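Chain by chain, the residues:
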Amino acid sequence: MSGGVPRVTGAPGSAREADPSGAVAGPFEEPLEPWFDGPVDLTNCDREPIHIPGSVQPHGVLLAVRTDDDLTVARVSANVAEALGREPDQLLGRPLREVAGPAVAKTILDVVRTAFDLREASPVDLLLGDGDDWRHYDALLHRVGELVVCELQAAQGVRPLTYVGTYARTRQSVLRLNGSRSLAELYDVVVEEVRRLTGFDRVMVYRFDPEWNGEVVAEARLERLNSFRGLHYPASDIPVQARALYERSWLRLIPDVDYQPVPVVPALDPSTGAALDLSDAWLRSVSPIHLEYLRNMGVTASMSISLLREGRLGAHRLPPLLRRA
């Protein structure tokens, strides 16, 4: 994967979204447009409603069910057949037990009824399939109004998670982080350990100033890559709605910047006319302006982690964003 950085001062283009993972713990600093007419470009992307893109990334499947006893299917991604073997028109309006099986429906209903925070209860292990074709999926759950959104991603690696595969791998990182004696040292340890754990070509920490301009304050990278440490980028590169999403969800992943967005079906709720709010969705499709910028830098995949203090992105001496590319 190629390394990259969102926009630095004097560079062409713009990274208007820069990989947020969801939406915000605090209020938006200015109203967002309820909908957006016309194409998105560099003159208007600061008003782009990135929380309601109407589509998801294709490395998973989205399923939204009502919170009634039947968990009635209300919205799906157009690729839902990859997990459930049925097209959207065969699923919408039907109880989850009829389309995914009684065991899956009971598992999700139990979590919905007992979990205080569905995101903290995720992932939920589900077994989906038919006949001799069965597969484990990680189900990531969250609420959107009267709906429960279930994002399905095919499980990777050994299940259940093991001591060697989890705790032992991260223990060294935690010990190094705890041993940091200054913010500068902490930044350096963070990028080194995240790169060791993930294998990304480049990992950076960005720090915001009080006006939301940014600086790359730490970096770990392949030797063949140019360094971005010390470079600056303007506040306009990460507008208010993107910062809001960073604060609400701390992780954002784009496995393939050349992905083709998968529509949510139906696009608008038949009773309210509203698009599905994907602020908390891991699969949420990202701004086309941001994807174009990543391609221009030669980046093929990207991941961002928000570093928050009391639920807010930091300024001055606080690190706002950890970026892997």
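See the structure shown above.
Here's a quick rundown of the structure. (Residues numbered from 1 in each chain as written. Predicted model: local features only at pLDDT ≥ 70, side-chain atom pairs only at ≥ 80, totals over all residues. Heavy atoms only, no water.)

**Notes on the pattern of salt bridges**
Tallied over the entire structure, the rule returns 19 salt bridges. Across the salt bridge formed by R113 and D69, the nearest N and O atoms sit 3.2 Å from each other. Of this pair, R113 sits in helix α3 (residues 102-114) while D69 sits in the loop between β2 (61-66) and β3 (73-77), placing them 44 residues apart in sequence. Judged on exposure class, the residue R113 and its partner D69 are both exposed. Across the salt bridge formed by E219 and R221, the nearest N and O atoms sit 3.3 Å from each other. By relative accessible area, which is 30% here, R221 ends up partly exposed. The network of salt bridges with common partners includes D117, R119, R248 and D280. (Salt bridge = Lys/Arg side-chain N within 4 Å of Asp/Glu carboxyl O. Helix = DSSP H or I, 4+ residues; strand = E, 2+ residues; numbered from the N terminus. Buried < 20%, exposed > 50% of the residue type's maximum accessible area, 1.4 Å probe, protein only.)

**A short note on helix α5 (residues 183-198)**
Between its first and last C-alpha atoms α5 spans 22 Å; for 16 residues at 1.5 Å apiece the expected length is 22 Å, and the two agree. Residues of α5 that are buried include every one of Y187, V189, V190, V191, E193 and V194, and no others. (Expected span 1.5 Å × (residues − 1).)

**Side note on α3**
Residues spaced three or four apart along an α-helix point in a common direction, a consequence of the helix completing one turn every 3.6 residues. Here α3 contains 13 residues, and its C-alpha end-to-end distance of 18 Å stays within 8% of the 18 Å for a straight helix at 1.5 Å per residue. Buried residues of α3: V104, A105, I108, L109, V111 and V112, and no others. In an axial view of α3, the angular spread of the buried residues amounts to 160 degrees, which keeps them on one side of the axis. Opposite the buried face of α3, by more than 90 degrees, sit the exposed residues P102, A103, K106, R113 and T114. Buried residues along α3 sit in contact with α2 (96-100), β4 (124-130), β5 (133-144) and β6 (147-154). (Arc of directions from axis to C-beta. Contact = heavy atoms within 4.5 Å.)

**A word on empty space enclosed by the protein**
Here the structure, examined in full by the defined rule, presents three cavities of 30 Å³ or more. In terms of lining, the second largest cavity is formed by G54, R75, V264, P266, A267, A275, L276 and L278. (1 Å grid on protein atoms, 1.4 Å probe; cavity = no way out; pocket = protein on both sides within 12 Å on 5 of 7 lines; lining within 4 Å. Points joined across faces, edges and corners; volume = space filled by probe spheres on them.)

**Observations regarding the packing of aromatic side chains**
The way to describe two aromatic rings as a pair is by their centre distance and the angle between their planes. Summed over the entire model, instances satisfying the criterion amount to two aromatic pairs. Both rings, one in Y206 and one in Y233, keep their centres 5.1 Å apart while their planes meet at 55 degrees; by these two values the pair is tilted. Of this pair, Y206 sits in strand β7 (residues 202-208) while Y233 sits in strand β9 (residues 232-233), and the two are 27 residues apart along the sequence. With a relative accessible area of 0%, Y206 lands in the buried category. (Phe/Tyr/Trp six-rings, centres within 6.5 Å; stacked < 30°, edge-to-face > 60°.)

**Details of the side chain of E247**
With respect to the secondary-structure elements, E247 resides in helix α6 (residues 240-248). Within polar-contact distance, the side chain of E247 engages the side chain of R312 at 2.8 Å. (Polar contact = N/O pair within 3.5 Å; in protein donor to acceptor, adjacent residues only side chain to side chain.)

**A few points about the sheet that holds β2**
An order of β1-β11-β3-β2-β6-β5-β4 is seen for the seven strands of this open sheet, with the pairing classed as antiparallel. Of all strands in the sheet, those with a lone pairing partner are β1 (55-56) and β4, marking the two edges. Direction of pairing for β2 relative to β3: antiparallel, over a ladder of three bridges. Opposite V65, over in β3, you have V73 as the bridge partner. (Pairing = 2+ DSSP bridges.)

**A look at the nonpolar core**
Among the nonpolar cores identified, the biggest contains 30 residues, and L63, V73, L96, I108, L128 and L152 are the most heavily contacted of them. Only β2, β3, α1 (81-84), α2, α3, β4, β5 and β6 provide two or more residues apiece to this core. Ranked by the residues each element gives to this core, the list is headed by α3, at six residues. Listed in part, the 14 residues of the second largest apolar core include M204, W212, Y233 and I238. (Core = buried A, V, L, I, M, F, W, Y, C linked by side-chain atoms within 4.5 Å.)

**Regarding the packing of helix α4 (residues 167-178) against α5**
When two helices pack together, their arrangement is given by the angle between the helix axes and by the axis-to-axis distance. Between α4 and α5, the shortest axis-to-axis distance is 9 Å and the interhelical angle comes to 170 degrees. Compared by their axis directions, α4 and α5 come out roughly antiparallel. On α5, the residues that touch R169, T170, Q172, S173, R176 and L177 of α4 are L186, V189, V190, E192, E193, R196 and L197. Class assignment of the residues belonging to the contact of α4 with α5 gives a composition of five nonpolar, three polar and five charged. (Axes fitted to C-alpha atoms, helices over the stretch in contact; angles between N-to-C directions. Parallel < 35°, antiparallel > 145°, perpendicular 65-115°, else oblique. Nonpolar A, V, L, I, M, F, W, Y, C, P; charged D, E, K, R; others polar.)

**Description of unusual backbone geometry**
A cis amide bond, omega 0 degrees, links S122 with the succeeding residue P123. Relative to the assigned elements, P123 resides in the loop between α3 and β4. At the junction of V265 and P266, the peptide bond is cis and its omega measures out at -10 degrees in the coordinates. The residue P266 is located in the loop between β11 (262-265) and α7 (288-296) in this model.

**A word on the environment of V205**
By the element assignment, V205 lies in strand β7. Between the alpha carbons of V205 and V217 there is a distance of 5.8 Å; along the sequence they are 12 residues apart.

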